[in-house]
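Overview (structure and organization)
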Amino acid sequence: MAKNNLLFELGFEELPVESNRLLREKVLESFASFPSRFKDSEFTLKVYSTPRRIAVFMEDIKLTSEVFEEEVKGPAENVIFAGDSLTKAGEGFLKSKQLEKDLLIRRDGSVFYKKQSGGEAVEKIFEDVFKKCISSISFDKTMKWDKTGFLFPRPIRWAMGFVNNNPMNFEIAGIKTDIYTFANRCISSSRMTIFNAYDYFEKMNENYVEIDFEKRKKMVKEEIYKAVEKLSLSLVEDEDLLDEVTDLVEFPVIFCGQFEEKFLSLPSEIIVAALKQHQRYFSLKKTDSSLSVYFVFVSNSPYAETNDIVKNNQRIIASRLEDAEFYYNNDLSHDLKYYEEALKKTVFHEQLGTFYDKVQRNKKLAEHILSKTKDDIGDLELLSVISKFDAATEMIKDGKEFTKLQGVIGAHYAEKMGYDREKASVSKEHYLPLTNEGVLPESAAGITFSVADKVDNICGAFVSGNKPTGSKDAMSVRRDSLSLIYLMIQKNLKLDVFELVSFSLGEYGKMELKDEIIDYLKKRMEVLFLSYGISYDITRCVLNKEILCPSDALKKANLIKDIKNNEDFKDIAGGLKRVSNILKNESERELPLNFKTEYEKNLYQSGIKVGEKNKALLTANEYENTLKNLLSLRKPIDDFFDNVMVMDEDLKLRETRIQLLIFIRKIFSEFGDFSQIVFESDQELKR
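Note that the structure is a prediction, hence the values are computed from the model and not measured.

**A closer look at the domain arrangement of the protein**
Domain parsing of the protein yields domain 1 (5-65 + 121-206), domain 2 (68-117), domain 3 (213-324), domain 4 (336-549) and domain 5 (564-686). One C-alpha centre belongs to domain 4, the other to domain 5, and the line joining them spans 40 Å. The interface is formed by 9 residues belonging to domain 4 together with 11 residues belonging to domain 5. Of the roughly 780 Å² buried at the junction of domain 4 and domain 5 (both faces included), carbon and sulfur atoms supply 53%. Of all residues in domain 4, Asp537, Cys541 and Lys545 give up the largest surface area on contact with domain 5, accounting jointly for 58% of the area buried on that side. Linking domain 4 with domain 5 are 1 salt bridge. One salt bridge in this structure joins Asp537 and Lys564, with 2.9 Å as the shortest N-O distance.

**Digging into the sheet that holds strand S3 (residues 53-59)**
Spatial ordering of the open sheet is given by S2-S3-S1-S9-S10, a layout of 5 strands whose pairing is antiparallel. Looking at the sheet topology across the chains shown, the edges are occupied by strand S2 (44-50) and strand S10 (166-167). Pairing analysis gives 7 bridges linking strand S1 (residues 5-12) to strand S9 (residues 156-163), with the strands arranged antiparallel. Note on S9: the bridge partner recorded for Leu10 is Ala159. With respect to the sheet, helix H4 (residues 122-136) is in contact with S1, S3, S9 and S10, its orientation differing from that of S1 by roughly 35°.

**Describing the nonpolar core**
The biggest cluster of nonpolar side chains holds 132 residues, and the ones touching the most others in it are Ile560 and Phe674. Top element by residues in this core is helix H16 (residues 444-463). It accounts for 10 residues. Not counting residues within four places of it along the chain, the set of residues in contact with Ile560 comprises Ile538, Cys541, Val542, Phe569, Leu627, Phe671, Phe674 and Ile677. By size, the runner-up hydrophobic cluster in this structure holds 33 residues, among which are Phe8, Phe34, Ala159 and Met168.

**A look at the environment of Thr50**
With respect to the helices and strands, the residue Thr50 is situated in strand S2. Here the alpha-carbon distance between Thr50 and Phe251, two residues 201 residues apart in the chain, equals 9.1 Å. Other than its neighbours up to four places away in sequence, Thr50 contacts Phe12, Asn20, Val209, Glu210, Ile211, Arg216 and Glu250.

**Brief notes about the confidence of the model for the protein**
The pLDDT averaged across the protein works out to 91; a share of 97% of its residues lies at or above 70. Segment residues 683-687 is flagged for pLDDT under 50; beyond a separation of four residues in sequence, or across chains, it makes 1 contact in the model.

**Some points on the packing of helix H21 (residues 550-563) against helix H24 (residues 623-631)**
In the contact formed by H21 and H24, the axes pass within 10 Å of each other and the chain directions differ by 50°. When the axis of H21 is compared with that of H24, the two are oblique. For H21 against H24, the interelement crossing comes out right-handed. From H21, Asp552, Lys555, Lys556, Leu559, Ile560 and Ile563 reach across to H24, where they touch Tyr623, Glu624, Leu627 and Leu631. In the contact of H21 with H24, the residues fall into 6 nonpolar, no polar and 4 charged.

**Topic: the packing of aromatic side chains**
For the coordinates displayed, the defined rule picks out 35 aromatic pairs. Aromatic side chains Phe8 and Phe130 sit 4.9 Å apart centroid to centroid with 65° between the ring planes, which places their arrangement in the edge-to-face category. Of the two residues, Phe8 is situated in strand S1 and Phe130 in helix H4; the sequence distance between them amounts to 122 residues. Of the two residues examined, Phe8 and Phe130, each falls in the buried class. Ring centres of Phe12 and Phe152 lie 5.5 Å apart, and the angle between their planes is 45°; on these two criteria the pair is classed as tilted. A residue pair is termed long-range when its members are at least 10 positions apart, and Phe12 in strand S1 and Phe152 in the loop between H4 and S9 qualify at 140 residues. In terms of burial, Phe12 and Phe152 fall into one category: buried. What links up through ring pairs into an aromatic cluster is the set Phe8, Phe31, Phe126, Phe130 and Phe170. Stacked on the ring of Phe81, the Lys or Arg Arg106 has its end atom at 4.0 Å from the ring centre. Here the guanidinium or amino end of Arg191 rests over the ring plane of Tyr180, the centre of that ring lying 3.9 Å away.

**Notes on the pattern of salt bridges**
The tally for this structure, following the rule as stated, stands at 50 salt bridges. Across the pair Glu127 and Lys131 runs a salt bridge, and its minimum N-O distance is 2.8 Å. On the criterion of helical spacing, the pair formed by Glu127 and Lys131 is a turn pair, its members being 4 residues apart in helix H4. Residue class for Glu127 comes out buried when judged on its relative accessible area of 12%. The network of salt bridges with common partners includes Glu18, Arg21, Arg24, Arg216 and Asp247.

**As for helix H18 (residues 497-508)**
Between its first and last C-alpha atoms H18 spans 17 Å; for 12 residues at 1.5 Å apiece the expected length is 16 Å, and the two agree. Of the surrounding elements, those touching the buried residues of H18 are helix H11 (355-373), H16, helix H17 (477-490), helix H19 (514-531) and H21. The opening residue of H18 is Asp496, an N-cap whose side-chain oxygen sits 3.0 Å from the backbone nitrogen of Phe498. Positive backbone phi, approximately 70°, marks Gly509, located one or two places after H18.

**Remarks on helix H9 (residues 306-331)**
With 26 residues, H9 should reach 38 Å at 1.5 Å per residue; the first-to-last C-alpha distance of 37 Å fits that figure. The complete set of buried residues in H9 reads Ile309, Val310, Asn313, Ile317, Ala318, Leu321, Ala324, Tyr327, Tyr328 and Asp331. In the core, the buried residues of H9 are packed alongside strand S16 (253-258), helix H8 (268-277), strand S18 (291-299), helix H10 (336-343) and helix H13 (408-416).

**Notes on the side chain of Ser481**
Note that Ser481 resides in helix H17. Taking the relative accessible area as the measure of exposure, Ser481 reaches 0% and is therefore buried. A distance of 2.7 Å separates a polar side-chain atom of Ser481 from the backbone oxygen of Val477.

**Let's talk about the packing of H17 against H21**
The relative placement of two packed helices is expressed as an angle between their axes plus a distance between the axes. Relative orientation of the contacting elements H17 and H21 amounts to 75°, with a least axis distance of 7 Å. For the element pair H17 / H21, the angle class is roughly perpendicular. Residues Ile485, Met488 and Ile489 of H17 touch H21, and the partners they reach there are Pro550, Ser551 and Leu554. Tallied by class, the residues present in the contact of H17 with H21 amount to 5 nonpolar, 1 polar and no charged.

**Some points on the sheet that holds strand S15 (residues 234-235)**
Taken in spatial order, the 4 strands line up as S15-S17-S18-S16 in an open sheet, and their pairing is antiparallel. Unpaired on one side and paired on the other, S15 and S16 mark the two borders of the sheet. Judged from the 3 bridges that link them, strand S17 (residues 282-285) and S18 form a sheet pairing that is antiparallel. The residue of S18 that forms the bridge with Lys285 is Leu291.

**Details of the state of the cysteines**
Linking two cysteines covalently through their sulfur atoms gives a disulfide. By the definition in use, this model includes 0 disulfides. Cysteine Cys256 shares no disulfide, and the gap to the nearest cysteine sulfur, in Cys186, comes to 19 Å. The cysteine Cys549 is free of any disulfide, with Cys541 supplying the nearest cysteine sulfur at 16 Å.

The rules we used
- Within any chain, residue numbers begin from 1 and follow the written order of that chain's sequence.
- Two thresholds apply to this predicted model, a pLDDT of at least 70 for residue-level local features and 80 or more for giving and counting side-chain atom pairs, whereas whole-chain, interface and lining totals are computed over all residues.
- Values reported for side chains reflect all heavy atoms of the structure, with hydrogen atoms and water molecules removed beforehand.
- Residue ranges assigned to the domains are those given by an automatic or database domain assignment.
- In what follows, a contact means two residues having at least one pair of non-hydrogen atoms within 4.5 Å.
- Summed over both partners, the accessible surface that disappears when two parts come together, traced with a 1.4 Å probe, is what is meant by buried area.
- Salt bridge, as used here: a side-chain nitrogen of Lys or Arg that lies within 4 Å of a carboxyl oxygen of Asp or Glu.
- Note on pairing: two strands pair once DSSP finds at least 2 bridges between them.
- The numbering of helices and of strands both runs from the N terminus, where a helix is a DSSP run of H or I of at least 4 residues and a strand a run of E of at least 2.
- Axes, fitted as lines to C-alpha atoms, cover a helix only where it is in contact. Angles between the N-to-C directions of the axes lie from 0 to 180 degrees.
- Here the nonpolar core consists of buried residues drawn from Ala, Val, Leu, Ile, Met, Phe, Trp, Tyr and Cys, with membership extended through side-chain atoms lying within 4.5 Å.
- Each residue is assigned to one of three classes by its accessible area relative to the maximum for its type, calculated with a 1.4 Å probe on protein chains only: buried under 20%, partly exposed between the two thresholds, exposed over 50%.
- Looking at any residue, its pLDDT shows the predictor's confidence there, from 0 to 100.
- Each angle is binned into one of four classes, with values under 35 degrees roughly parallel, values over 145 roughly antiparallel, values of 65 to 115 roughly perpendicular, and all other values oblique.
- In this scheme the handedness of a crossing depends on how the near helix is turned from the far one: anticlockwise by less than a right angle means left-handed, clockwise means right-handed.
- Amino acids are sorted into nonpolar (Ala, Val, Leu, Ile, Met, Phe, Trp, Tyr, Cys and Pro), charged (Asp, Glu, Lys and Arg) and polar (every other residue, Gly among them).
- Here the aromatic set is Phe, Tyr and Trp, taking the six-membered ring for Trp, and pairing holds for ring centres within 6.5 Å; pairs whose planes are under 30 degrees apart are stacked, those over 60 apart are edge-to-face, and all others are tilted.
- Note on geometry: a ring has a charge over it if NZ (lysine) or CZ (arginine) is within 6 Å of the ring centre and within 35 degrees of the ring normal.
- An expected span of 1.5 Å times one less than the residue number is assigned to each helix.
- Whenever two N or O atoms come within 3.5 Å, that pair is a polar contact, provided that in protein one can donate a hydrogen and the other can accept it, and provided that, for residues adjacent in sequence, both atoms are side-chain atoms.
- What counts as a disulfide here is a pair of cysteine sulfur atoms lying within 2.5 Å.

Here you go:
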């Protein structure tokens, strides 16, 4: 027995890769909740896309949504009824709801009635969900192309859909659904009539359109490996490029080309970038890992003339490599002093000055960092210029295809200029890590300038009014924040992020932004720690201090995570929540020692002992022993709360007890704010 199915395809002019990915992701996300409309339905859902179409296919779908009845609360009873008779308002209410009087239920001073919902045709539900989805996607760039004013990255050209063998009937962006689609553009421009979903899949296969991204990607990969194997070479692996070319074609066809041997004198990164950035070519390497003159590329043209397409692409890449060779030789005709002067004329950001200004800020931050780490990295002035000088080179400036090589090019150039590899590497290393999972800098200079550069980038973004908001992050503050924290953790840097932010803002003369930036960095740390399996409440506990060393915070957080369900810890954390509530509106003053009970004296003396011991433990970074030492206060705290009335009528006693609790809270706060910890029982109470 045939299964009920629904197929819909929307066709458009070729979408940019990022728009295509976003569209596929959002459509899949929108239809994830679709089953809730169909009780006990276990239909399958597939979302397909190519550069010029998005298709949704559902199989084993119910044709109408579930019908259910719910009780709805209406107006107050005295508005609808006067005794047993309807008021004028009541008559109007029944008419508007198309109800009979005997269907109303009078209860608790209100009237209620039964309402049936559901029973909608699957086509109508699909139309509503799809239109809402498409209209809500925040593409980077959209356009209007007809009188409807519909916004989309490219003009929509056709819409086609079926429920079983029945054509769909609705309109989107001024286009009415029909029963035709189109083949691969390189095969035919004629319409293809479709009769149902299964006919659609057959005709796509016959006309060189592989609509499934994963299958298309597998085809690309397999065909590339076949071509590379014939050349006895290996592929320079690039998963991002593989995904990109998969989203650029409807049916992949692989071709091989080559460039002149003379270009191999260029650094391999330049060649790979030239092949990749504009042309999306895959580079190949020899058995010794050196670059080969051969490359492979993906076309969307199954019947293209091989010789013509290869010659055209070889001509294009020759032009790109000649440009790169010119930039390379021209750049190396100047020395570092020339580029230092050039940086003074090269704008970093219109509100943050030139790259030379950026270099000077980074140098001061690096000097400040070194005063804490006690590392000796040599000539700061020289290293700071080496780190950024390639921003003024022909290869990098003006947004060419080689811009992404900034840092890599600088390291090559610096070595060619005669500087040793360790000094030259600061150009590349100070950008690392590029993500919160990326490759890390290794040298002390690279680490120092990486921290300095990222702190200045973050503060500079807020100073210039480019702080991240919603989905916008013009100066990549999220990336820099996460990679900065990741770097400091991985390298176990004993640096206070808050203090670094203060220093940087002091250079800008914008200290008023400190709290906002620190709050932002705390939120980024919550996100990063969550990826390590640490819940928000634990992270907030260890971040609630005036200083913040990310590596220390992570160690503390992991310790709390491990003992969160320990009864001693639960009891201590519960007690500190109680302390926090009591002290909500209290200020710290001198602690009077006029204790009335042994429980107060014992808590004070235990606090003195634990506090003194913790000073030494924290100085030695012995966080596990610090935590154990704090837990030893469980009994004195329990005894205090079991036997002492804090808010005593005697104001002097009350003040003494309040200040005693403030004293105890301060001892714990050296480790973190334990009142932030949330247990399952707390969440149940909130419910």
